[in-house]
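Next come the chains, spelled out residue by residue.
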Amino acid sequence: MAGHVLIIDYGSQVTQLIARKTRALGYYAEILPAGLPLAEPLSQKPGAFILSGGPASADDPDAPTLDPAILEADLPILGICYGMQLLAKNLGGALSGNAHGEYGPAEFYPEGDAAIFAGLTPGRPTKVWMSHGDRVVATPPDFRVTGRTDGLPIAAMSHERKKIHGLQFHPEVHHTAEGTRILENFLRDAGLSPGWRMSSFAREAVEQISNTVGKDKKVILGLSGGVDSTVAAALLFRAAGDRLHCVFVDNGLLRPGETDEVANALSSCFPNLNLKVADAGAVFLKRLEGVADPETKRKIIGHTFIEVFAEESRKLGKVDFLAQGTLYPDVIESISPQGPSALIKSHHNVGGLPKDLGFTLIEPLKYLFKDEVRALGKELGLPEELLWRHPFPGPGLAIRVIGPVDGESLDLLRKADAIVREELKAFGLDREVWQAFAVLLPVRSVGVMGDGRSYGRVVVVRAVTSVDAMTADWARLPHELLARFSSRVINEVPGINRVLYDISTKPPSTIEWE
């Protein structure tokens, strides 16, 4: 898309927020890892660059550097934190290390009449968020100081003639009070026009998929029932019609009524959708018998899924394209500037299909974030109950039954999990909570039920708030709701006599227990 924004990622933990906030303002943005050759991205005629923050020191010999092509392109540039330091270093300014760094909130005082601070009153403080060690101690030639904090004389700088700006603080985080306004000022002053709309994305994506698959080629999609694969199915159906074949593998590890819920919802929206449900629960349970190690569980489930999916695909004859619901965070992480330690996320459904199946891959959502996927689903007419379903792990309830998986444990967990989700929805909190579910522990506890001694199983309720699941905090749910969880689970699920609530954050914990 001509006139879009290229965000160069130098390893900041919040680079994705820059793209999200930019897109929310109506400007299309793509994230590229530092060091990626820019010839091809520049050929798409971007309208501006944003240089992200990062953990390195710009004076470190091994630190990511500023590609000369960025300056040579003569486009508007916004450098944030590390990005500002790179601009200063490469354009003739000076940096200095800070023994203590500066982390957290600060009062920022804009100075002068820089376009990037339009609408802010010079000299009047506004709250910003800092997270840096180094600082700019001398601006490059032709730059002027456009903002300071009490502890930082050069907290912002702007070129006298060119549309190049540096901010030591992070406008992309919500802790920066005027961050959205500052980003929008930069984009408008750069001469860009807001044209990023989900309706236009849907239209262009359908056209692109149609051109790719032609008029007689088949497409197969592994449908998990989650938001991503469901929206991908809706988009692909618009483009390929009855040549799209969706395979829903029922592994026997799903929540109550999951298969029927997804199948009925999709059929009501797309009556002619080719949806095959492969009932393979018995196969999965047999292979999981006696297995306690979580990684072994995952591998067994993944390999079995591949076998079942491959078998169903062979029944369709020649299939030319394989579709996946890969999202933009997966793409970003797979090419992170952090190096090989940041591995590509493994998809629970079709990511490991044998190469000899001969498919060409289609990933229609790979430039979207989760919130944008939901917006696209709404644009495509999918019902709210599908779009706002809580994330569900690929291995299903197998990794929420801690220890070996068996039919009895799955039955207990399904009943407990259904109660948790029902009560959360009844309290009107299902949209505020990112994910809520029950976990069955491999321990028993003594209790008193009906004036007699009980020795029952233990359930943990896990509920978290998050934006993208990269980090998460435990949800501060009302005590009345927690009491409802406990009362209903203990009274309605035979064999359970104790309910716990997980108050761990991610990190150091993970959202799932296994």
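Our subject is the structure listed above.
Residue positions are counted from 1 within each chain, in the order its sequence is given. Local features in this predicted model are restricted to residues of pLDDT 70 or higher, and side-chain atom pairs are both shown and tallied only at a pLDDT of 80 or more, whereas totals for entire chains, interfaces and linings draw on every residue. Computation of side-chain values: all heavy atoms of the structure, hydrogens and water removed.

Helix and strand counts for the protein chain come out as 15 helices and 20 strands. By the compact-globule yardstick of 24 Å for 514 residues, the protein chain fits well, its C-alpha radius of gyration being 26 Å. The dimensions of the protein chain, computed from C-alpha atoms along their principal axes, are 80 × 65 × 40 Å. Working definition: with a 1.4 Å probe on protein chains only, accessible area under 20% of the residue-type maximum means buried, over 50% means exposed, and in between means partly exposed. Across the 514 residues of the protein chain, 52% fall into the buried class. About 22800 Å² of surface is accessible on the protein chain, with carbon and sulfur atoms providing 51% of the total. Averaging the positions of the 54 positive and the 63 negative side-chain charges in the protein chain gives two centres separated by 3 Å. Each helix is a run of H or I in the DSSP string that is no shorter than four residues. Each strand is a run of E no shorter than two, and both are numbered from the N terminus. This radius of gyration counts C-alpha atoms alone. The globule rule is 2.2 Å times how many residues there are, raised to the power 0.38. Only the protein chains shown count as covering a residue, and every accessible area follows the Shrake-Rupley method with a 1.4 Å probe. Think of it this way: Lys and Arg go in the positive column, Asp and Glu in the negative one, and His and the chain ends go nowhere. For this purpose, a charge sits on NZ of Lys, CZ of Arg, CG of Asp or CD of Glu.

This part takes up the packing of helix α14 (residues 407-426) against helix α15 (residues 479-492). Between α14 and α15, the least distance of the axes is 10 Å, while the angle of their chain directions is 150 degrees. The orientation of α14 with respect to α15, classified from their angle, is roughly antiparallel. As for how α14 packs across α15, the hand of that crossing is right-handed. Contacts from Ala416, Ile419, Val420, Glu422, Glu423 and Leu424 in α14 reach Leu481, Arg484, Phe485, Arg488, Val489 and Glu492 in α15. Nonpolar residues are Ala, Val, Leu, Ile, Met, Phe, Trp, Tyr, Cys and Pro. Charged residues are Asp, Glu, Lys and Arg, and all others, Gly as well, are polar. Residues of the contact of α14 with α15, tallied by class, amount to seven nonpolar, no polar and five charged. Interaxial angles span 0 to 180 degrees and are taken between N-to-C directions of axes, which are lines fitted to C-alpha atoms, for helices over the stretch in contact. Oblique is the label for every angle not falling under 35 degrees (roughly parallel), over 145 degrees (roughly antiparallel), or within 65 to 115 degrees (roughly perpendicular). Take the far helix as your reference; a near helix turned counterclockwise from it by less than a right angle gives a left-handed crossing, and one turned clockwise gives a right-handed crossing. Only heavy atoms matter for contacts: two residues are in contact if any of them lie within 4.5 Å across the pair.

Glancing now at the sheet that holds strand β16 (residues 360-362). Whenever strands of a sheet pair, they do so through backbone hydrogen bonds, lying parallel or antiparallel. Any two strands with at least two DSSP bridges between them are considered paired. If you walk across this open sheet you meet the five strands as β14-β13-β12-β15-β16, and the pairing is parallel. Among the strands making up the open sheet, the edge pair consists of β14 (274-279) and β16. Put simply, the sheet's adjacent strands are angled 25 degrees from each other on average, direction ignored.

In this section: the side chain of arginine 414. With respect to the helices and strands, the residue arginine 414 is situated in helix α14. Salt-bridge detection follows one rule: a side-chain nitrogen of Lys or Arg within 4 Å of a carboxyl oxygen of Asp or Glu. Aspartate 411 provides the closest opposite charge to the buried, unpaired arginine 414, separated from it by 5.5 Å. Once residues within four sequence positions are removed from consideration, arginine 414 is found in contact with Gly252, Leu253, Leu254, Arg255, Pro256 and Leu397.

So, about the pattern of salt bridges. Inspection of every chain in the model, using the stated rule, returns 28 salt bridges. Within this structure, Glu422, Glu423, Arg484, Arg488 and Glu492 form a network of salt bridges that share partners.

With that settled, consider the pairing of strand β18 (residues 452-465). With respect to burial, β18 is a largely interior element, 10 of its 14 residues being buried. Both strand β17 (residues 435-449) and β18 contribute to a ladder of 12 bridges, which runs antiparallel. If you follow valine 448 over to β18, its bridge partner there is arginine 453. Sheet analysis places β18 next to strand β20 (residues 496-501), joined by five bridges and oriented parallel. Residue pairing across strands places valine 460 opposite leucine 500, the latter belonging to β20. Of the strand pairs in this sheet, β18 and strand β19 (residues 473-474) are connected by two bridges, and their pairing is antiparallel.

In this scheme Phe, Tyr and Trp rings, the latter by its six-membered ring, pair at centre separations within 6.5 Å, and the angle between planes marks the pair as stacked below 30 degrees, edge-to-face above 60, and tilted otherwise. Under the definition given, this model contains eight aromatic pairs. Plain terms: the ring middles of tyrosine 10 and tyrosine 82 are 5.4 Å apart, the flat faces sit at 55 degrees to each other, and that makes the pair tilted. You can see tyrosine 10 sitting in the loop between β1 (5-9) and α1 (15-24) and its partner tyrosine 82 sitting in helix α4 (residues 82-90), a full 72 residues away along the chain. The two residues tyrosine 10 and tyrosine 82 agree in class, both being buried. Centre to centre, the rings of phenylalanine 305 and phenylalanine 309 are 5.9 Å apart; their planes meet at 15 degrees, and the pair counts as stacked. Here phenylalanine 309 and phenylalanine 305 lie together in helix α10 (residues 294-315), a separation of four residues that amounts to about one turn. Here the two residues phenylalanine 305 and phenylalanine 309 agree in accessibility, since each one is buried. In this structure an aromatic cluster arises from ring pairing among Tyr28, Trp196 and Phe201. Over the aromatic face of tyrosine 109 sits the side chain of arginine 148, whose NZ or CZ is 4.4 Å from the ring centroid. Lying over the aromatic face of phenylalanine 437, arginine 400 brings its terminal NZ or CZ to 3.8 Å of the ring centre. Charges are assigned to positions over rings by a cutoff of 6 Å between ring centre and Lys NZ or Arg CZ, combined with an angular limit of 35 degrees from the ring normal.

Another point: helix α7 (residues 227-240). Between its first and last C-alpha, α7 extends 20 Å over 14 residues, near the 20 Å set by a 1.5 Å rise per residue. For α7, the tally of buried residues reaches 13 of 14 residues, placing the bulk of the element in the interior. One or two positions beyond α7, positive phi appears at glycine 241, with a value near 60 degrees. Expected span of a helix: the number of residues minus one, times 1.5 Å.

Packed helix pairs are specified by the crossing angle of their axes together with the interaxial distance, meaning the distance between the axes. Across the interface, helix α6 (residues 198-213) lies against α7 with an axial gap of 8 Å and an inter-helix angle of 60 degrees. Looking at the two axes, α6 sits oblique to α7. Our pair here, α6 against α7, has a crossing hand that is right-handed. Counting all contacts with α6, which are made through Ala202, Ala205, Val206, Ile209 and Ser210, the residues of α7 involved are Leu235, Leu236, Arg238 and Ala239. Of the residues belonging to the contact of α6 with α7, the class tally is seven nonpolar, one polar and one charged.

This brings us to helix α9 (residues 281-288). Inspection of α9 places Gly281, Phe284 and Leu288 among the buried residues, and these make up the whole buried set. In a view along the axis of α9, the buried residues occupy a sector of 70 degrees, so they form one face of it. Facing away from the buried side of α9 by over 90 degrees, the exposed positions are Ala282 and Lys286. Considering only its buried residues, α9 is in contact with β13 (244-250), β14 and α10. Glycine 290, located one to two residues past α9, shows a positive phi value of around 80 degrees. Of all possible arcs, the one meant is that of the directions from the helix axis to the C-beta atoms.

Below, the discussion takes up unusual backbone geometry. Phi at lysine 45 is positive, roughly 55 degrees, even though this residue is not glycine. Locating lysine 45 in the fold gives a position in the loop between α2 (39-43) and β3 (48-51). Judged by its relative accessible area of 58%, lysine 45 is exposed.

Now for the side chain of arginine 462. Looking at where arginine 462 falls in the secondary structure, it is placed in strand β18. Judged by relative accessible area, which is 0%, arginine 462 ranks as buried. Under the rule applied, a polar contact is a pair of N or O atoms within 3.5 Å (in protein, one hydrogen donor and one hydrogen acceptor; residues adjacent in sequence only if both atoms are side-chain atoms). A polar contact of 3.4 Å, which involves the side chain of arginine 462, links it to the side chain of aspartate 502. Setting aside anything within four residues of it in sequence, one finds arginine 462 in contact with Gln435, Ala436, Phe437, Trp474, Asp502, Ser504, Ser509, Thr510 and Ile511.

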